[in-house]
Structure formats: C-alpha cells, structure tokens
Amino acid sequence: MGGGAWLVLMDYDGTLTPIRPTPAEARLGAGMREAVSALSRARGITVGIVSGRSLEAVRRLVGLRGVVYAGNHGLELQGPGLRFVHPGARRSIPLLRRIARQLSRALAGIPGALVESKRLSLSIHWRRVPAAHAAAFHRRVGAVLAPWAARRAVRVTRGKRVVEVRPPVSWDKGAVVDWLAKRHRCRDGRLLYLGDDRTDEDAFRAVNRRSGIAVFVGRPRRGTAAGWWLRGTQEAGELFRRMAEGRWANRRAR
Ligand SMILES: [Mg+2]
C-alpha cells in the first residue's frame, strides 16, 4: 500500500457476521475469516476487532493470530505485545456480578430474556423476547438498574435488542480508537473503522477527528457520524480482500 501503516478496526456482531437470534449463533463465516486473516497478514496493515463481547468470547469466535482484540467495548485489550484491562472497570466486577443475579431473578418469568455476564460488563438480550413480553422486560430491567444508574455505580446503554450495563468509567469504542491509533503511531487518515450500531458512533467520531474513514455496515442509521456505508457484511469482506491485495487506497490521483 505504501505511505505508512494502516490501522483497520472493526466491530464484530453485525459487521463481520449478520445479527443472529442468540449471540452464541453469531459465528464467523469461513469466507469472512479468510478475508480478515488475509488483511491482518498484509504488509503495513494492523487489524483490530472492537466488540461489546468479552475479550475471551471475541478471541474464541475469530481465532486469528496477529490481530488486536478489544473486548467489553475496549475495557480489555489483547494483541501482539499488548495486554490491558481498564483499572476502573476491574473494580466494578463484584457489583456487576451482584446486578447479574438481581437481573436473572427479575427476568425469570420473561421468555427469551438472556442475561450475559461478560465479567467487565453485562448484556441483557431481548432479541428472543416475544412482543407481548417486551414491556414487562423493560419495566423489570429498569427497576433493577435504575437505583444503580442513579448512583452512577454503572452506565446503561442500549443497542440492537440489547441493554448494556457497563462500569462507570468514561471509556468507549471512541477512546479505544484513540488509544490504538496513538499506540500504533497511526498517521492521520490511515485509519479505517467499520461498525453497525450505536456504540460504534463513538468510534466513528474518533475516526473523523483523525481524518480517517468511518464506514457504516448495513443501511445507515439516521444521523450516523460515518461518512461511508457498505450494504452488509458481504461487502465488508470484499473490502478486506481488496485491501489485502492492495487493490484499494492506491488509486489516489496524487
Ligand atoms: Mg455490531
């Protein structure tokens, strides 16, 4: 590619795999794994996967060496010569465990509700909650979380049919983009981020501040900070293959 190293960062669910009814079903397809692998092996390109899943889970699902993995929206990172856990997040582990127990009890009667404990955060999935139970789901989740959120003991965010409970640290996918860009001495503009959901907007904005390329995967949400979009995961895979082969970014006129 020439002209300096590129940092290519991407979300996992909805970006590398289509959204599935349960998180366990969102496995990485063989074609996409090959595309990401080729990209990570290409000269002058570092690949990082920034997911809301636990580091452990995203590493297991992707299973490629030489890739930087950021789990729990970047509260934990691991990659070649790199290991990081946000100290503020580590302190929240006992409270998150307690909240997970409260949620499991509160949601016992709601079919399809799933409390996923990711050590440094919780995901409460409602992809499989029938419409007739959705109101009760939100009421009960709200009742458990409101007192903790009011005390700022946790941060609550919402994504596609998931409620996320995170430690009260100001750290998001945008902070991770900045952290990795600095660490890799990424020159402005040589930064690409692909994502599909609300939590990716922080990353898009960080990329824009660095004159990088922010790409929305799927039909763009209204008001997205991403300047580009791809139709879906298939087109994302195609972009990776092109970049790996150097058929991209060398068409600049000057
Ligand atoms: Mg996603």
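Below, the structure is looked at part by part. Everything numeric here is computed off the predicted structure, so don't read it as measured data. (Residues numbered from 1 in each chain as written. Predicted model: local features only at pLDDT ≥ 70, side-chain atom pairs only at ≥ 80, totals over all residues. Heavy atoms only, no water.)

## Quick notes on the sheet that holds strand S6 (residues 114–117)
Part 1: Taken together, four strands build an open sheet; the order of strands is S6-S7-S9-S8 and the sheet is antiparallel. Where the open sheet ends on each side, the last strands, each with one partner, are S6 and strand S8 (155–159). Ignoring strand direction, the axes of neighbouring strands in this sheet form an average angle of 20°.
Part 2: In this sheet, strand S9 (residues 162–166) lies alongside S8 in antiparallel orientation, the contact comprising five bridges. Bridge pairing in S9 links Thr157 to Glu164.
Part 3: Against the sheet, helix H4 (residues 93–106) engages S6, strand S7 (122–125) and S9, with an angle of about 15° to S7. (Pairing = 2+ DSSP bridges. Helix = DSSP H or I, 4+ residues; strand = E, 2+ residues; numbered from the N terminus. Axes fitted to C-alpha atoms, helices over the stretch in contact; angles between N-to-C directions. Contact = heavy atoms within 4.5 Å.)

## Focus on the packing of helix H6 (residues 173–183) against helix H7 (residues 200–209)
Part 1: Packing of H6 against H7 leaves a shortest axis separation of 6 Å and a crossing angle of 40°. The handedness of the crossing between H6 and H7 is right-handed. Where H6 approaches H7, its residues Lys173, Gly174, Val177 and Asp178 are matched on the opposing element by Asp200, Asp202, Ala203, Ala206, Val207 and Arg209. (Left-handed = near helix turned anticlockwise from the far one by under 90°.)

## So, the packing of helix H1 (residues 30–41) against helix H8 (residues 233–244)
Part 1: It is the contact of H1 with H8, at a shortest axis distance of 8 Å, that shows an interaxial angle of 30°. When the interaxial angle is binned, H1 and H8 end up roughly parallel. As H1 packs across H8, the resulting crossing turns out to be left-handed. Only Thr233, Ala236, Gly237, Phe240, Arg241, Met243 and Ala244 of H8 make contact with H1, whose side of the interface consists of Gly31, Met32, Ala35, Val36, Ala38 and Leu39.
Part 2: Class assignment of the residues belonging to the contact of H1 with H8 gives a composition of nine nonpolar, three polar and one charged. (Parallel < 35°, antiparallel > 145°, perpendicular 65-115°, else oblique. Nonpolar A, V, L, I, M, F, W, Y, C, P; charged D, E, K, R; others polar.)

## Topic: unusual backbone geometry
Among all residues save glycine, negative phi is the norm, and among peptide bonds the norm is trans.
Part 1: The backbone phi angle of Asn72 is positive, close to 50°, even though this residue is not glycine.
Part 2: Along the chain, Asn72 falls in the loop between strand S3 (68–71) and strand S4 (76–79).
Part 3: In this structure Asn72 comes out as buried when scored by relative accessible area, which is 0%.
Part 4: Positive phi, close to 55°, is recorded for Ser211, a residue that is not glycine.
Part 5: Within the element layout of this structure, Ser211 appears in the loop between H7 and strand S11 (213–217). (Buried < 20%, exposed > 50% of the residue type's maximum accessible area, 1.4 Å probe, protein only.)

## Focus: the coordination of the magnesium ion
Part 1: Surrounding the magnesium ion are the protein donor atoms Asp11 (OD), Asp13 (O) and Asp196 (OD), which sit 2.1 Å from the metal.
Part 2: Counting residues between consecutive donors of the magnesium ion along the chain gives the motif D-x1-D-x182-D. (Donors = N, O, S within 2.8 Å, 3.2 Å for Na, K, Ca; no water.)

## Notes on the pattern of salt bridges
Part 1: A complete count under the given rule lists 12 salt bridges for this structure.
Part 2: Measuring nitrogen to oxygen at the nearest pair gives 3.3 Å for the salt bridge that ties Glu34 to Arg41.
Part 3: You can call Arg41 exposed: its relative accessible area is 58%.
Part 4: The partner of Asp196 in a salt bridge is Lys160, with the nearest N and O atoms 2.8 Å apart. Placement of the pair is Asp196 in the loop between strand S10 (191–195) and H7 and Lys160 in the loop between S8 and S9, with a sequence separation of 36 residues.
Part 5: Among the residues examined, Asp196 registers a relative accessible area of 2% and is labelled buried.
Part 6: Within the structure, one salt-bridge network assembled from shared partners comprises Asp11, Lys173 and Asp200. (Salt bridge = Lys/Arg side-chain N within 4 Å of Asp/Glu carboxyl O.)

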